[in-house]
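# Results of the structural survey
Take a look at the letters that make up each chain.
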Amino acid sequence: MADSPSVTSSPKLTWAQSLRVYLEPASLRMLALGFSAGLPLLLVLGTLSFRLREAGIDRATISFLGWVALAYGFKWVWAPLVDRLPIPLLTRWLGRRRSWLLVAQLTIMGGLVGMALYNPAEQGVETLAKLALLVAFASATQDIALDAFRIESATVERQAVLAANYQTGYRLAMICAGAGVLSLAAWAERTYAPAGPGYNNQGWTVGYLAMAAAMLVGVITVLFSSEPAERNRDADGKAHDPVYERALQQVAGQGVALTGIAAFLGWVVFVVVSVAQAAKAEWIKPLQAATGGHLLTLVVLLAAALTAVTFAGKSPRLRPAAGSSAQRGLARVQASFVAPFVDFFQRYRWHALLILALISIYRISDVVMGIMANPFYVDMQFSKEQVALVSGVFGIFFTLLGTFIGGVLALRIGVMRVLMLGAVLSALSNLLFAWLSTMPGVAQDVWQFSVFGYAFEIPRALTLVITADNLAGGIASAAFIAYLSGLTSISYSATQYALFSSIMLLLPKFIAGFSGTFVNHYGYDTFFVTTALLGLPVVVLVWLAGRVLPSAIKS
């Protein structure tokens, strides 16, 4: 059986030892790489939604465009390639993990530059959607390689701290990509185009170009880091992976069933897309825009290709001969996809279903609410400076505090207890947004002060809401990442973590695509209360997992 971090036990660390772990080199690397991972997310979601709402784009269209984040939800599809496929020249120079990280980071930088130079008010959202999808795809690929890099860089008992440092860097980046871009955009608008109200794209150009440059933090860290040691190797240096070899035997000559299932799902998607296009459904329009109007064609080509491979595999004339190099090569490709899933279900058996259910909805309250947060600020007439100041001062402090608390508590009292705390706090914080939505003129209720001659205005109610929300989010994220890391096997760290983190986003992101339509019909107050109620099943699942899962999984 593959070794699993979750079953390794170690003595409890003292408080002093727990704190010193944060300063170890592996932990500090995670701080910088977490920054690189967190930077793109808001630039294709929250910050982009603020920008689009300012440009006069409808809320429903904005929320549907949030589906570009489904790239994160489907990253498990190509995670096996990132886990095992070398990149010519780069892998020999940097190693498997760092080569994939570098390629992904450079792609993100290019996509952000394109988004910076695009004006949605004048040119529509089609090209911007394509660029956002490119950034999301590259960012998801970076996450795959980075999660494996993190898991392989330290022992199990340090994973919670690595997760906390990773989350600290991640949250710092999100604040830069949120509050930082808003501040830069507001400053650039005053400096370079001070005349007239309304949408001004020049400020957003400056902000997005600055974020593209900020990706150099990750690039430099990758270039000056060391590759994690290779695992599962015999004395002669050859890879030795019992689960992989077992899966290789299982799929040899039978792997055609996998492509058959994929082909069937492809035709199901074809039917759904066809009906949606015929009915002129609003949710399909952003996907059509992102594919240049060729969405149905791409789905047909993919389904047809999978069908052809399936029939080719069934044909005695076309199927590679048993024992041939072609047959073994095909089996190895299939095993690379199958083995991580075989390993997970072999280790956890029926408990795997409960684990996957918990993962799939743990962050649903935050994710569904998040896509509408920035349009909400715009509609409540908060200025870019106000949102940036509250997020950048109170938000950063309480996010870091929450992340730190979550990491230390996970070391001291266990991950499951912190998971429960995070689930409850995340749901309750959404009720504060509902309260905020019922306060007309709330943007004018401010604290005023000056520093070095500069006047600042801090909205009182918004400060309270963002403070509570970021504290809850920091605690929940640190514990959840530690929990996911503990579930993975070292043999398949990239693929399995990508599966877990994809499942975490898939259902919430899909539901979030309809949030703009919901707000248009029922208003913000009902929307935020509904997202809080979505957290109730999460609390039940965490409690159930704490009662029935083996203690090794919960530790």
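The structure under discussion appears in the preceding block.
Residues numbered from 1 in each chain as written. Predicted model: local features only at pLDDT ≥ 70, side-chain atom pairs only at ≥ 80, totals over all residues. Heavy atoms only, no water.

Right, let's get into the overall build of the protein. Scanning the protein for helices and strands turns up 29 helices and two strands. In the protein, which comprises 555 residues, the share counted as buried stands at 54%. Contacts spanning at least 24 positions in sequence make up 83% of the contacts within the protein whose residues lie at least 6 apart. Accessible surface computed for the protein: about 23,700 Å², of which carbon and sulfur atoms make up 68%. (Helix = DSSP H or I, 4+ residues; strand = E, 2+ residues; numbered from the N terminus. Buried < 20%, exposed > 50% of the residue type's maximum accessible area, 1.4 Å probe, protein only. Contact = heavy atoms within 4.5 Å. Areas by Shrake-Rupley, 256 points an atom, 1.4 Å probe, with all protein chains shown as cover.)

Before going further, it helps to examine the nonpolar core. In this structure, Leu112, Met115, Tyr377 and Tyr483 are the most contacted members of the largest nonpolar core, which totals 131 residues. The leading source of residues in this core is helix 24 (residues 460-487), at 13 residues. Apart from the residues within four sequence positions on either side, Met115 is in contact with Leu43, Val44, Leu48, Arg51, Leu128, Leu131, Ala132, Val135 and Tyr208. By size, the runner-up hydrophobic cluster in this structure holds six residues, among which are Val273, Ala276, Ile284 and Val299. (Core = buried A, V, L, I, M, F, W, Y, C linked by side-chain atoms within 4.5 Å.)

Together, Val424, Leu428, Leu431, Val529, Leu533 and Leu536 give the surface a local cluster of nonpolar side chains, amounting to about 500 Å² of exposed area. Broken down by element, the nonpolar patch gets its largest block of residues, three residues, from helix 23 (residues 415-437). Mapped onto the secondary structure, Leu431 falls in helix 23. On the basis of relative accessible area, Leu431 is assigned to the partly exposed category, the value being 38%. (Patch = residues over 30% accessible without salt bridge, like charges linked within 9 Å, V, L, I, M, F, W, Y side chains within 5 Å. Salt bridge = Lys/Arg side-chain N within 4 Å of Asp/Glu carboxyl O.)

Now for the side chain of Ser477. Following the sequence through the fold, Ser477 ends up in helix 24. A polar contact of 2.9 Å, which involves the side chain of Ser477, links it to the backbone oxygen of Gly473. What Ser477 contacts, discounting residues up to four positions off in sequence, is Gln167, Arg171 and Arg363. (Polar contact = N/O pair within 3.5 Å; in protein donor to acceptor, adjacent residues only side chain to side chain.)

It is worth spelling out the side chain of Ser426 at this point. By secondary structure assignment, the location of Ser426 is in helix 23. The contact partners of Ser426, leaving out residues within four places of it in the chain, are Asp366, Ala472 and Ala476.

Empty space among the atoms becomes apparent when a probe as large as a water molecule is rolled across them. According to the stated counting rule, one finds two cavities of 30 Å³ or more in the structure shown. Counted as a void, the largest cavity has a volume near 1,200 Å³. Considering every element that reaches the lining of the largest cavity, the biggest residue donor is helix 11 (residues 159-192), with nine residues. Taken together, the residues of the lining of the largest cavity break down into 24 nonpolar, 12 polar and eight charged. There is about 40 Å³ of room inside the second largest cavity. Lining the second largest cavity are Tyr362, Arg363, Ser365, Asp366, Ala423, Ser426, Ala427, Gly535 and Val538. When contributions to the lining of the second largest cavity are tallied by element, the ones reaching two or more residues are helix 20 (364-370) and helix 23. For the lining of the second largest cavity, the leading source of residues is helix 23, giving three residues. Taken together, the residues of the lining of the second largest cavity break down into four nonpolar, three polar and two charged. (1 Å grid on protein atoms, 1.4 Å probe; cavity = no way out; pocket = protein on both sides within 12 Å on 5 of 7 lines; lining within 4 Å. Points joined across faces, edges and corners; volume = space filled by probe spheres on them. Nonpolar A, V, L, I, M, F, W, Y, C, P; charged D, E, K, R; others polar.)

This part takes up helix 24. Helix length check: helix 24 (28 residues) gives 41 Å between terminal C-alpha atoms against 40 Å at 1.5 Å per residue, within 8%. Counting buried positions along helix 24 gives 24 out of 28 residues, so the element sits mostly inside the fold. (Expected span 1.5 Å × (residues − 1).)

Another aspect to go through is the packing of aromatic side chains. Tallied over the full model, the rule gives 17 aromatic pairs. Both rings, one in Tyr166 and one in Tyr170, keep their centres 5.8 Å apart while their planes meet at 35°; by these two values the pair is tilted. Taken as a pair, Tyr166 and Tyr170 lie in helix 11 at a separation of four residues, close to a single helical turn. Take Tyr170: its relative accessible area is 12%, and that puts it in the buried class. Measuring from centroid to centroid gives 5.1 Å for Phe376 and Phe528, while their planes differ by 80°, and the two rings are edge-to-face. (Phe/Tyr/Trp six-rings, centres within 6.5 Å; stacked < 30°, edge-to-face > 60°.)

Right, let's get into the packing of helix 3 (residues 46-54) against helix 12 (residues 201-214). In the contact formed by helix 3 and helix 12, the axes pass within 11 Å of each other and the chain directions differ by 165°. Here helix 3 is positioned roughly antiparallel relative to helix 12, judged by the angle of their axes. When the axes of helix 3 and helix 12 are compared, the crossing they make is left-handed. Where helix 3 abuts helix 12, its residues Thr47, Leu48, Phe50, Arg51 and Glu54 lie against Asn201, Trp204 and Tyr208. (Axes fitted to C-alpha atoms, helices over the stretch in contact; angles between N-to-C directions. Parallel < 35°, antiparallel > 145°, perpendicular 65-115°, else oblique. Left-handed = near helix turned anticlockwise from the far one by under 90°.)

Throughout the structure, instances matching the rule amount to five salt bridges. As a salt-bridge pair, Lys384 and Glu54 come within 2.7 Å of each other at their nearest N and O atoms. Within this pair, whereas Lys384 is found in helix 22 (residues 384-413), its partner Glu54 is found in helix 3, the two being separated by 330 residues in sequence. For Glu54, a relative accessible area of 25% translates into the label partly exposed.

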